[in-house]
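Now for the letters of each chain:
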Amino acid sequence: MRRGARRSGSSGAPRSVDVAQLAGVSQKTVSRVYNDEPYVSADVRRRVLEAGEELGYRLNNAARALATGRTRSIGVVTLGTALYGPASLIMGVERAVRDTGYALRVVNTLEGDPTGVAGAVDSLLEQGVDGIVISEPIDDGHGEDLAARVDVPVLVLGSPPLSTPRTLAAGVGADLMARTATEHLLELGHDTVHHLAGPQRWFAARDRLEGWRSTLAAHGRAVPRVVEGDWSASTGYTAGRELANDSDMTAVFAANDDMAIGLIRALAEAGRRVPQDVSVVGFDDIPVAAYVTPPLTTMRQPFDTVAQEGLKRLVHSIENPDAPPLSAGEPPVDLVVRASTGPPPPPRMTLGRHRALASFPSGGRSGPPTDGGASTFN
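Residues numbered from 1 in each chain as written. Predicted model: local features only at pLDDT ≥ 70, side-chain atom pairs only at ≥ 80, totals over all residues. Heavy atoms only, no water.

Here we take up the overall build of the chain. When you go through the chain residue by residue, the secondary structure sums to 13 helices and 11 strands. Counting every position in the chain, which comprises 378 residues, the buried fraction comes to 44%. Residue pairs at least 24 apart in sequence account for 68% of intrachain contacts in the chain once pairs closer than 6 positions are excluded. In the structure as shown, the chain presents an accessible area of about 18,900 Å², 51% of it carried by carbon and sulfur atoms. (Helix = DSSP H or I, 4+ residues; strand = E, 2+ residues; numbered from the N terminus. Buried < 20%, exposed > 50% of the residue type's maximum accessible area, 1.4 Å probe, protein only. Contact = heavy atoms within 4.5 Å. Areas by Shrake-Rupley, 256 points an atom, 1.4 Å probe, with all protein chains shown as cover.)

This is how it looks when you write it as structure tokens:
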């Protein structure tokens, strides 16, 4: 029988009754197989799927939606950006949703759009999605309004969860990763760590800044002034030119790898070697991070793990509305140590001290510097 032909020989798309007849099962069993319901033997499931494949059968989603009240679709709200972090997270969601049997409907928002997330969510609800993933990294001030209108399970990736009973959070832990990056530099012996932050409208930038700041406070270290960029290498370069003027600065934690790479370029042009003079840690582990000079130490983000776990919990909440939500696992923390970090340079001697030591080569008494110690040397 050719693909797509009905056994009765009549024209039109094959129906579930045709699949049932070819597979030798009831029409109800065909429905159970295509709705991925339990208690169907592996042999029966195989026969039904093979029959459906032979006939070119496709499940009538509209009819199923009327019967079950579900469209088996998940909506995604995301910022329309090519930045590595948000784009990688959405790719992880797209890969993870393939295994759920749900269709994916994506609505992009634009930074500065007054309707923002609320408008995107309204659009998805009008399409009848069964659940929503919000991968929106920017605070647009509409969280409270949004919480009041959503009546389906919502998975929030990274940003603060909505105050609704059916909201799940995944991808949290950026503050913990920032603490790990900062502690790595302190453990190498640096007195303190400077921070090149991302734009503070972004939830992730706030989390990373807070993780850095709280770590320095917990260790009793000075908290330097924050320099803010916009995630781009060019703002990292500009920040690097400014930070290079601080001779006491020996370590920087950058909120993403692109800014870290721009920072390293500026430091090199200023004669500040990495890591001999200044250590740098990035965030994300973009593909090029291992191939810049020097290879960049960075925090690797578990995009696929976050997406897979989050989608599993969201689908469970969709299909089991009265059951407690699945618990979230601990986010993995993966510091990738490469060549951009090392111990701080040795303390610089004052020129006066150097001259005094030179005057007493055999260990004689060396008095205090006579020139005030204003000049330094390496």
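Right, let's get into the side chain of R208. Its location among the elements puts R208 in helix α9 (residues 203-218). Here R208 sits buried without a salt bridge, and the closest side chain of opposite charge, D284, lies 4.3 Å off (N-O distance). Engagement of the side chain of R208 in a polar contact is seen with the backbone oxygen of A255, the distance being 2.6 Å. Those residues in contact with R208 that sit more than four places away from it in its chain are A174, A178, H195, W231, F253, A255, N256, F283, D284 and Q301. (Lys, Arg positive; Asp, Glu negative; His and termini not counted. Salt bridge = Lys/Arg side-chain N within 4 Å of Asp/Glu carboxyl O. Polar contact = N/O pair within 3.5 Å; in protein donor to acceptor, adjacent residues only side chain to side chain.)

Residues three or four positions apart in an α-helix share a direction because the helix packs 3.6 residues into each turn. The first and last C-alpha atoms of helix α8 (residues 174-187) sit 20 Å apart over 14 residues, in line with the 20 Å expected at 1.5 Å per residue. Of all the residues in α8, the buried ones are A174, M177, A178, A181, T182, H184, L185 and L186. Of the surrounding secondary structure, the elements contacted by the buried residues of α8 are α9, β8 (251-254), β9 (279-284), β10 (297-300) and β11 (334-336). Trailing α8 by a residue or two, G189 shows a phi angle of about 110 degrees, which is positive. (Expected span 1.5 Å × (residues − 1).)

Right, let's talk about the environment of D334 for a bit. Tracing the backbone through its elements, the reader meets D334 in strand β11. In this structure D334 comes out as partly exposed when scored by relative accessible area, which is 29%. On a C-alpha basis, the gap between D334 and T298 in space is 8.6 Å, while along the polypeptide they are 36 residues apart. Discounting residues that sit within four places of it in the chain, D334 has contacts with T298, M299 and R300.

With the rule as written, the count across this model stands at three aromatic pairs. Look at W202 and W231: their rings are 5.6 Å apart centre to centre, the planes differ by 75 degrees, and that puts the pair in the edge-to-face class. In this pair, W202 is assigned in the loop between β6 (194-197) and α9 and W231 in the loop between β7 (227-228) and α10 (233-243), connecting sequence segments 29 residues apart. W231 shares its class with W202; the two are buried. Geometrically, the ring pair formed by F253 and F283 is tilted, given 6.3 Å between the ring centres and 50 degrees between the ring planes. Here F253 is found in strand β8, whereas its partner F283 is found in strand β9, with 30 residues between them in sequence. In terms of burial, F253 and F283 fall into one category: buried. Lying across the ring of Y102, R72 places its NZ or CZ 4.4 Å from the centre. Across from the ring centre of F283, 3.9 Å away, lies the NZ or CZ of R208, which sits over that ring. (Phe/Tyr/Trp six-rings, centres within 6.5 Å; stacked < 30°, edge-to-face > 60°. Lys NZ or Arg CZ within 6 Å of the ring centre and 35° of its normal.)

Across the interface, α10 lies against helix α11 (residues 257-269) with an axial gap of 6 Å and an inter-helix angle of 40 degrees. With respect to α11, the element α10 is oriented oblique. The two elements α10 and α11 meet at a crossing, and its hand is right-handed. Counted together, A233, T235, G236, Y237, A239, G240, R241 and L243 of α10 and D258, M259, G262, L263, R265, A266, L267 and E269 of α11 form the full contact between these two elements. In the contact of α10 with α11, the residues fall into eight nonpolar, four polar and four charged. (Axes fitted to C-alpha atoms, helices over the stretch in contact; angles between N-to-C directions. Parallel < 35°, antiparallel > 145°, perpendicular 65-115°, else oblique. Left-handed = near helix turned anticlockwise from the far one by under 90°. Nonpolar A, V, L, I, M, F, W, Y, C, P; charged D, E, K, R; others polar.)

Don't take any of this as a statement about function, it's just geometry.
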